[in-house]
Amino acid sequence: LRETIKTALLALQYGGAVRALMLQLNISRREAQRILHAYWDAFPELKKGRELYLQYARRMGYAENPLGLIRGYKPFSVKSYGIKDAALSFMNFPIQSAGAVVLMQVLADLPAWTNPLLSMHDAILLEVPQDGVRDAAQAVEKVMSAVMAQTFPRLRCRSEKTAAFRYHKKSPSSLHAFCQRLG
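Residues numbered from 1 in each chain as written. Predicted model: local features only at pLDDT ≥ 70, side-chain atom pairs only at ≥ 80, totals over all residues. Heavy atoms only, no water.

**Describing the overall build of the protein chain**
Item 1. Within the protein chain, the secondary structure is distributed over nine helices and four strands.
Item 2. The secondary structure elements of the protein chain, listed N-terminal to C-terminal, are α-α-α-α-β-β-α-α-α-β-β-α-α.
Item 3. When each of the 183 residues of the protein chain is scored for burial, the buried share is 28%.
Item 4. The long-range fraction of contacts in the protein chain, counting pairs at least 24 apart against all pairs at least 6 apart in sequence, stands at 42%.
Item 5. Here the protein chain displays about 13,500 Å² of accessible surface, and carbon together with sulfur accounts for 55% of that area. (Helix = DSSP H or I, 4+ residues; strand = E, 2+ residues; numbered from the N terminus. Buried < 20%, exposed > 50% of the residue type's maximum accessible area, 1.4 Å probe, protein only. Contact = heavy atoms within 4.5 Å. Areas by Shrake-Rupley, 256 points an atom, 1.4 Å probe, with all protein chains shown as cover.)

**As for the pattern of salt bridges**
Item 1. Summed over all chains, the structure comprises one salt bridge.
Item 2. With its nearest N and O atoms 2.6 Å apart, the salt bridge here joins arginine 34 to glutamate 31. Of the two residues, arginine 34 and glutamate 31 both sit in helix H3 (residues 29-42), three residues apart, roughly one turn of that helix.
Item 3. With a relative accessible area of 49%, arginine 34 lands in the partly exposed category.
Item 4. Take glutamate 31: its relative accessible area is 28%, and that puts it in the partly exposed class. (Salt bridge = Lys/Arg side-chain N within 4 Å of Asp/Glu carboxyl O.)

**A few points about the nonpolar core**
Item 1. With 11 residues, the main nonpolar core is built from Ala8, Ala11, Leu12, Val18, Leu21, Leu25, Ala32, Ile35, Leu36, Tyr39 and Trp40.
Item 2. Taken together, the elements giving at least two residues each to this core come down to helix H1 (2-13), helix H2 (18-25) and H3.
Item 3. If one sorts the elements of this core by residue count, H3 sits on top with five residues.
Item 4. Excluding residues that lie within four positions of it along the chain, leucine 36 makes contacts with Leu12, Val18 and Leu21. (Core = buried A, V, L, I, M, F, W, Y, C linked by side-chain atoms within 4.5 Å.)

**Looking at the confidence of the model for the protein chain**
Item 1. Per-residue confidence for the protein chain averages 78 on the pLDDT scale, and 77% of its residues sit at or above 70.
Item 2. At the level of individual helices and strands, the protein chain shows its lowest average pLDDT in helix H5 (residues 78-81), which scores 47, and its highest in H3, which scores 88.
Item 3. In this model, residues 77-83 is a region of pLDDT below 50 whose contacts with residues beyond four sequence positions or in other chains number six contacts. (pLDDT = per-residue confidence, 0-100.)

**A word on the packing of H1 against H2**
How two helices sit against one another is set out by the angle between their axes and by the gap between those axes.
Item 1. Interhelical geometry of H1 versus H2 gives an angle of 150° and a closest axis separation of 10 Å. One element, H1, and the other, H2, form an angle in the roughly antiparallel class. Relative to H2, H1 is oriented so that their crossing is right-handed. Counted together, Thr4, Thr7, Ala8, Ala11 and Leu12 of H1 and Leu21, Gln24 and Leu25 of H2 form the full contact between these two elements.
Item 2. Among the residues forming the contact of H1 with H2, the class breakdown is five nonpolar, three polar and no charged. (Axes fitted to C-alpha atoms, helices over the stretch in contact; angles between N-to-C directions. Parallel < 35°, antiparallel > 145°, perpendicular 65-115°, else oblique. Left-handed = near helix turned anticlockwise from the far one by under 90°. Nonpolar A, V, L, I, M, F, W, Y, C, P; charged D, E, K, R; others polar.)

**A look at the packing of aromatic side chains**
Item 1. The tally for this structure, following the rule as stated, stands at three aromatic pairs.
Item 2. Ring centres of tyrosine 56 and tyrosine 62 lie 5.9 Å apart, and the angle between their planes is 85°; on these two criteria the pair is classed as edge-to-face.
Item 3. The rings of Tyr39, Trp40 and Phe43 are connected pair by pair, giving a single aromatic cluster. (Phe/Tyr/Trp six-rings, centres within 6.5 Å; stacked < 30°, edge-to-face > 60°.)

What follows is the structure in structure tokens.
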């Protein structure tokens, strides 16, 4: 149930609709419509804000995120992208672009002894010396909290850290060695 709710909330928050729910949850059109209506009934102000945002983008010719980043708004055809309107592609712009700005700042502010390997949505995979895993986790949590407080001072954000040793003794000690093994 938790995964279903999480999938539905993320799909709807990022501009998905009935078709997205059907595909991601493997449910009927009727069930997807029921979930969509329940979502908007539960969050009428979010629906209103979304509609106002799209009206603004259409009128101004661009979309804008909370940090001032701008993306040009240009309607395109259904055949080109398989979606109903350019509007749907703009629903996730404020969230995705603000998240990208935060992530770039976090990566720039990490201690030099950490080696970022991968970032994905709200997670960062780092390569660090084996005896520095806990220090790295604390450093990431501190940097993330500072960047969020600076970027969104009115929000009460929390960060979580999970430190784990993912490599066993026979694993390569660096990304470079790992890539060499693949090549």
